[in-house]
Amino acid sequence: MSFASLGLIDQIVRTLASLEYTQPTPIQAQAIPAVLAGRDVMAAAQTGTGKTAGFALPLLQRLVQDGAQVGSNAVRALVLVPTRELAEQVHESVRAYGDGLPLRTMVAYGGVSINPQMMRLRKGVDVLVATPGRLLDLQRQNAVKFNQVQALVLDEADRMLDLGFSRDIDKLLALLPKRRQTLLFSATFSDPIRELAARLLHDPVDIETAPRNTTAKAIRQWIVTTDKKRKPDLFLHLLKRHGWSQVLAFVKTRKGVDQLVDLLAAQGIGADSIHGDKPQPARLRALERFKAGEVRVLVATDVAARGLDIDELPVVVNVDLPIVAEDYVHRTGRTGRAGASGEAVSLVCADEVQQLAAIEALTGQTLQRKEEAGFEAEHRVPQTNAGGQVVKKPKKPKKNKDERRAQADARVVQEDVRFRRT
Ligand code: AMP
C-alpha cells in the first residue's frame, strides 16, 4: 500500500519519500483516510507505531485544502501533549511532515519564558502543539484565541490524565468550539480515558492496531532478581557484561537518578539525566546528547517514559519497576521502535513483587527470570504468574541453631533498649 493510495496530496507524498517512509504503518493506513474524511478517531496504538504521522499528515492536508486564513492569535489545529519533551518531538515531526506547505506551526510548553510564545502567536498559527498548563496560561493572557479551532488532537491522553491534567483539559474543552474534529490517541486505554472519549468524540472510528496494552513484539524482555541496595551495582555490572552501546535507564526517584549518574560518572561512563527537577533546557540538552550518541546512558524518571523517539535504542533498563503497570508498556516502548529489535531488562527486588505481578497481568505474560552471579537476592522475589498473582510466599532461608540463638539475643537487647527509653 502506498501513501498516495490513502488520498494524500503529492507534496506530502514527496516529503514522505524524502524521509524514506516507503509505506504506511498499520495505524497510518487506518487513521489517515478516516481523518481526511473528517471523522473523529479514537486510536489505541503502541508507542513507536507511527501514530504522529497518523494524525499529523491528514490534519496538515485538511488545513491546506480548506485554505482558510488564520486570524491574529488564532489557532486552527491544536495538539495537546502531556510533557515538554513530547511537545518538542511532536512539533518537530509536524514541521517535517508539513515541509513545503504554506502553514505556520508552533510549540508551547511551560518552564520557559512565555513572551516569545506570545509574540509568535500574534500572527496566528495553523498548528499549535502545546502542553495543557501553558496553553491555559496563554489563553488567560489573551495571547491565544480558540474560535478558529477546527481540529483537536489529544496525544498520550491517558498520560495527561495520570499527570493530573484532567481539570486543565476540562477547562480547555469548555473554551473550544463545539463543532470540530477530535482525535484521541493513547497507547493504553483505561476506564477514565474511555469515559473522556465517550464525552468528546462523535461517532468515532475506533482504531486498534495491536492488542491493547501489549508491549512491542520485537522486544526481548527479562528480569533479574536482586536486592534493592544492589541495584546500582548490578546495573553497572550488566552494562559492562553485555557491552550495551546505549541504555535508557528508569529510576523511581530523582535522587536515585542522580545517584546512578554519579556512580556511572565515577566509572568513566558517560551518563546524563532527565527528571522533573531539571530546568527544561538542561532536559532537552541531555536528550540531544543521548540521541547524538555523546552519552552512553540516559537515566530518567517517568517524565521521559512516554513518546520520546530515540532511533534504534537497543536497551531499556528498569532499575526500578514503575508504580503504574501501564508505564512499563511505555518505558519498554522506547526500544524496538519502528520494527527494530530491542531488549527491556528489569531489576526486581522483593518489595516490587506486586508491581511485577501487575505488569505481567497487564501484558499477559510471565517475564523470564534470571539471576546474576554475585547479585542473587537475599530477600527472594516471590514467584508470579501471568494472571497477576503472586503464587508463592518467599521462602525464608533455613537458619541454623546458632543464628536463631543470635537473633533471639538481639531481640532481647532491643527490647531492653526500648524499655529503658520509655
Ligand atoms: P511515532 O510512533 O509517531 O513516535 O513514530 C515512531 C518512529 O517511526 C519515528 O521515528 C518516525 O519517524 C518513524 N515512522 C513513522 N512512520 C513511518 C513510516 N511509515 N515508515 C518509516 N518510519 C516511520
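Note: the structure precedes this text.
The numbers attached to residues start from 1 for each chain and follow its sequence in the written order. With pLDDT at 70 or above as the cut-off, local features in this predicted model cover only qualifying residues; side-chain atom pairs require 80 or more to be listed or tallied, and sums for whole chains, interfaces and linings still use all residues. Here the side-chain values reflect all heavy atoms present in the structure, with hydrogen atoms and water set aside.

## Some thoughts on the pairing of strand S8 (residues 219–225)
What counts is decided by this rule: Residue burial is assigned from relative accessible area. The probe radius is 1.4 Å, only protein chains are included, and a residue is buried under 20% of its type maximum, exposed over 50%, and partly exposed in between. The helix count covers DSSP runs of H or I at least four residues long, the strand count covers runs of E at least two residues long, and both are numbered beginning at the N terminus. In this analysis, strands are considered paired if DSSP registers two or more bridges between them.
Taken across its seven residues, S8 has six buried, putting it largely inside the fold. Here seven bridges tie S8 to strand S13 (residues 342–348), and the two strands are oriented parallel to one another. Across the sheet, residue Trp222 finds its bridge partner in S13, namely Val345. Examined bridge by bridge, S8 and strand S14 (residues 368–370) share three bridges and lie parallel to one another.

## Brief notes about unusual backbone geometry
Excluding glycine, residues mostly carry a negative phi; peptide bonds, for their part, are mostly trans. Even without a glycine there, the phi angle at Glu20 is positive, about 65°. Here Glu20 falls in the exposed class, since its relative accessible area comes to 68%. Of note in the backbone geometry, Glu156 takes a positive phi value of approximately 50° without being a glycine. Mapped onto the fold, Glu156 is located in the loop between strand S5 (151–154) and helix H7 (157–162). Overall, the relative accessible area of 1% leaves Glu156 in the buried class.

## Considerations on the nonpolar core
Put simply, the test is: Nonpolar cores were defined as sets of buried Ala, Val, Leu, Ile, Met, Phe, Trp, Tyr and Cys residues, with membership established by side-chain atoms within 4.5 Å. Contacts are assigned to residue pairs that have any heavy atoms within 4.5 Å of one another.
Counting 40 residues, the largest nonpolar core has Leu57 and Val129 as its most contacted members. Top element by residues in this core is helix H3 (residues 51–66). It accounts for seven residues. Sequence-distant contacts of Val129, defined by excluding residues within four places in its chain, comprise Val79, Val81, Ala87, Val90, His91, Val94, Met106, Val107 and Ala108. Core analysis: the second largest hydrophobic core is formed by 36 residues, Met118, Leu136, Met160 and Leu172 among them.

## What to know about the layout of surface pockets
If a probe as big as a water molecule is rolled over the atoms, it shows which places are left empty. Applied cut-off: Cavities and pockets were defined on a 1 Å grid built from protein atoms only: a cavity is a group of points that admits a 1.4 Å probe but offers it no way out, a pocket is an open group of points flanked by protein on both sides within 12 Å along at least five of seven lines, and a lining residue is one with an atom within 4 Å of any such point. Grid points are joined across faces, edges and corners, and a volume is the space filled by probe spheres set on the points. Gly falls in the polar group here, along with every residue not listed as nonpolar (Ala, Val, Leu, Ile, Met, Phe, Trp, Tyr, Cys, Pro) or charged (Asp, Glu, Lys, Arg).
The space that makes up the second largest pocket amounts to roughly 300 Å³. By residue number, the principal contributor to the lining of the second largest pocket is helix H11 (residues 254–266), which donates three residues. Grouping the amino acids of the lining of the second largest pocket by side-chain chemistry returns six nonpolar, four polar and six charged.

## Some details on the pairing of strand S6 (residues 181–186)
Counting buried residues along S6, six of its six residues qualify, which places the element largely inside the surrounding structure. Of the two faces of S6, both are covered, the one formed by Gln181, Leu183 and Phe185 as well as the one formed by Thr182, Leu184 and Ser186. Alignment of S5 against S6, held across four bridges, turns out to be parallel. Residue Leu154 lies in a different strand from S6, and its bridge partner there is Leu184.

## Looking at the pattern of salt bridges
The criterion, for reference: A side-chain nitrogen of Lys or Arg and a carboxyl oxygen of Asp or Glu constitute a salt bridge if their distance falls within 4 Å.
Evaluation of the coordinates by the stated rule reveals 19 salt bridges. Residues Asp137 and Arg140 are paired through a salt bridge, measuring 2.9 Å at the closest nitrogen-oxygen approach. Note that Asp137 and Arg140 are positioned in helix H6 (residues 132–140) at a spacing of three residues, about one turn of the helix. Taking relative accessible area as the criterion, Asp137 reaches 30% and is therefore assigned partly exposed. Of the residues examined, Arg140 reaches a relative accessible area of 51% and is grouped as exposed. For Glu343, the salt bridge identified is with Arg220, shortest N-O distance 2.9 Å. Taken together, the residues span a long stretch of sequence, with Glu343 in strand S13 and Arg220 in strand S8 at a distance of 123 residues.

## Looking at the environment of Ala157
Along the chain, Ala157 falls in helix H7. For Ala157, a relative accessible area of 2% translates into the label buried. Residues Ala157 and Ala197 lie 40 residues apart in sequence; the distance between their C-alpha atoms is 9.5 Å. Residues contacting Ala157, with those up to four places away along its chain left out, are Leu184, Phe185, Ser186 and Ile193.

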